[in-house]
Amino acid sequence: MLIDILRSARPKQWAKNIFFFAALVFDAKLLKPDYILPSLAGFVLLCCISGAVYIINDLADQEKDQQHPTKRNRPIASGRLPRNVATITAIILVTISLVFGTMIEPYFGLVLLGYFILNLAYTFYLKRLVIVDVISIATGFMLRVIAGVVIVNVERFSPWLYVCMIFLALFLALGKRRHEMTLLQQNARAHRAILNEYSMPLLDQLITIVVAGTLISYALYTFSAEALPGNHLMMLTIGNVLYGLFRYLYLIHVRGRGGAPEEVLLEDKPFILNAIAWAVIVLISYYFL
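What counts as what
Residues numbered from 1 in each chain as written. Predicted model: local features only at pLDDT ≥ 70, side-chain atom pairs only at ≥ 80, totals over all residues. Heavy atoms only, no water. Helix = DSSP H or I, 4+ residues; strand = E, 2+ residues; numbered from the N terminus. Rg over C-alpha atoms; globule rule 2.2 N^0.38 Å. Buried < 20%, exposed > 50% of the residue type's maximum accessible area, 1.4 Å probe, protein only. Core = buried A, V, L, I, M, F, W, Y, C linked by side-chain atoms within 4.5 Å. Contact = heavy atoms within 4.5 Å. Axes fitted to C-alpha atoms, helices over the stretch in contact; angles between N-to-C directions. Parallel < 35°, antiparallel > 145°, perpendicular 65-115°, else oblique. Left-handed = near helix turned anticlockwise from the far one by under 90°. Nonpolar A, V, L, I, M, F, W, Y, C, P; charged D, E, K, R; others polar. Phe/Tyr/Trp six-rings, centres within 6.5 Å; stacked < 30°, edge-to-face > 60°. Lys NZ or Arg CZ within 6 Å of the ring centre and 35° of its normal. Expected span 1.5 Å × (residues − 1). Patch = residues over 30% accessible without salt bridge, like charges linked within 9 Å, V, L, I, M, F, W, Y side chains within 5 Å. Areas by Shrake-Rupley, 256 points an atom, 1.4 Å probe, with all protein chains shown as cover. Salt bridge = Lys/Arg side-chain N within 4 Å of Asp/Glu carboxyl O. pLDDT = per-residue confidence, 0-100.

A. How the structure looks around the overall build of the protein chain. Within the protein chain, the regular secondary structure consists of 14 helices and 0 strands. Secondary structure elements of the protein chain occur, N-terminal to C-terminal, as α-α-α-α-α-α-α-α-α-α-α-α-α-α. Taking 2.2 N^0.38 as the reference for a compact globule, 289 residues should give roughly 19 Å; the C-alpha atoms of the protein chain span a radius of gyration of 19 Å, in line with that estimate. Expressed along its principal axes, the backbone C-alpha trace of the protein chain runs to roughly 55 × 45 × 30 Å. The proportion of buried residues among the 289 residues of the protein chain is 50%.

B. Examining the nonpolar core more closely. Formed by 79 residues in total, the largest nonpolar core has its most connected members in Phe 26, Phe 108, Phe 157, Phe 171, Tyr 221, Met 234 and Tyr 286. Examining the composition of this core, we find that 11 residues originate from one element, helix H8 (residues 132–152), more than from any other. Filtering out sequence-adjacent residues up to four positions away, Phe 108 remains in contact with Phe 20, Gly 42, Leu 45, Gly 101, Ala 147, Val 150 and Ile 151.

C. Expanded view of the packing of helix H3 (residues 33–60) against helix H6 (residues 83–104). In the contact formed by H3 and H6, the axes pass within 8 Å of each other and the chain directions differ by 150 degrees. Classified by the angle their axes make, H3 and H6 are roughly antiparallel. In this structure, H3 crosses over H6, and the sense of that crossing is left-handed. Residues belonging to the contact of H3 with H6 are distributed by class as follows: 16 nonpolar, 6 polar and 1 charged.

D. Local environment of the side chain of Ser 285. Following the sequence through the fold, Ser 285 ends up in helix H14 (residues 269–288). Among all residues touching Ser 285, those that are not within four sequence positions of it are Pro 229, Asn 231, Leu 233 and Met 234.

E. Layout of the environment of Ile 76. Assignment of secondary structure puts Ile 76 in helix H5 (residues 75–78). Taking relative accessible area as the criterion, Ile 76 reaches 0% and is therefore assigned buried. Along the primary structure Ile 76 and Ile 55 are separated by 21 residues, whereas in three dimensions their C-alpha atoms are 8.3 Å apart. With residues up to four places along the chain from it excluded, the contact list for Ile 76 reads Ser 8, Ile 55, Asp 58, Leu 59, Gln 62, Leu 81 and Ala 86.

F. View of the packing of aromatic side chains. Counted under the stated rule, the structure contains 13 aromatic pairs. Geometrically, the ring pair formed by Phe 157 and Tyr 162 is edge-to-face, given 5.4 Å between the ring centres and 70 degrees between the ring planes. Residue classification places Phe 157 among the buried positions, given a relative accessible area of 11%. Three or more aromatic residues joined by ring pairs make a cluster, and in this case those are Phe 26, Tyr 218, Tyr 221, Trp 278, Tyr 286 and Tyr 287. Geometry around Tyr 35 places Lys 29 over its ring, the cationic atom sitting 4.4 Å from the centre. Directly above the ring of Phe 141 sits Arg 144, whose terminal nitrogen or CZ lies 4.7 Å from the centroid.

G. Quick look at unusual backbone geometry. Positioned with a positive phi, Ala 28 is a non-glycine residue whose angle comes to about 60 degrees. In this structure, Ala 28 sits in the loop between helix H2 (22–26) and H3.

H. Up close: helix H7 (residues 106–124). The end-to-end C-alpha separation of H7 is 27 Å, in line with the 27 Å expected for 19 residues at 1.5 Å each. Those residues of H7 lying buried are Phe 108, Gly 109, Val 111, Leu 112, Tyr 115, Phe 116, Leu 118, Asn 119, Tyr 122 and Thr 123.

I. Representation of a nonpolar patch on the surface within the structure. Together, Ile 88, Ile 92, Ile 96, Val 99, Phe 100 and Met 103 give the surface a local cluster of nonpolar side chains, amounting to about 570 Å² of exposed area. Here Met 103 shows up in helix H6. Judged by its relative accessible area of 61%, Met 103 is exposed.

J. Broad picture of the confidence of the model for the protein chain. Averaged over every residue, the pLDDT of the protein chain is 87; residues scoring 70 or more account for 96%. Looking across the protein chain, the model is least confident in helix H10 (residues 188–191), with a mean pLDDT of 56, and most confident in H7, with 94.

K. Representation of the environment of Val 210 in the model. For Val 210, the position within the fold is in helix H11 (residues 200–224). Judged by relative accessible area, which is 7%, Val 210 ranks as buried. Taking the C-alpha atoms as reference points, Val 210 and Leu 170, separated by 40 residues in sequence, lie 6.7 Å from one another. Contacts of Val 210, omitting those with residues within four sequence positions, involve Phe 167, Leu 170, Phe 171 and Leu 174.

L. Representation of the pattern of salt bridges within the structure. Scanning all chains against the criterion turns up 11 salt bridges. The salt bridge partner of Arg 74 is Asp 58, with a shortest N-O separation of 3.2 Å. One end of the pair, Arg 74, is in the loop between helix H4 (62–65) and H5; the other, Asp 58, is in helix H3, with 16 residues separating them in the sequence. Here the salt bridges share partners, and the residues they tie into one network are Asp 4, Arg 7 and Arg 80.

Written as structure tokens, this is what we have:
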């Protein structure tokens, strides 16, 4: 049962919480011990509340998940994990996150609460509203970044990074919608009603827009952000971002992936190597030159 509880919390998807560390890295505080421990604690609490959200989502979508070719094997959908146990686990995780998050930093506790409320609203209502559903997912990513911002009390974090994050999160959300329509085909709308409001041409056009927005906003960040290091090395990372976007589009359109962004983050070797190269340039730019 403990293993099923952990699986229901979806630890693989906690990889998306890595955006929490954006403020620590881009505010040049990665090597400052006073900020490292609070950030690590905050990351753990964010993962706890994320796990609670995934459990609640599985409880709400149990019947629909039973019609999905892969989601029907999840502990709650399959019936292996009793609903009452899952409910109690979610309550405990939320309580731990909000109490300890507020103790670390009151504003951080408020951000966690906002993240939780947003995801509750998404689970029970917002996911039924076309366009609003993907914007809600993107807002969740933004709150991950803001959570990191309030933890480290940023001094030089550029607003351009918020814009990049919104576009990138919309890209991931729209890619997931496209993957669901491709995977489930005629049964797509039975699994997720909102898919009835989308079409492949619409999703492809929206993805094109947000990919362009991501690249342009990131390029503007590397050229014009006031807080950037004076060595101009960040401009080199535009190529890494471009490749990453192209690689993800390839995985969506050719490989039929994109339904689970965390799988790409953890399993696609070219994507991982490109991300490492991007990270190395960023670290050298901010901390070693």
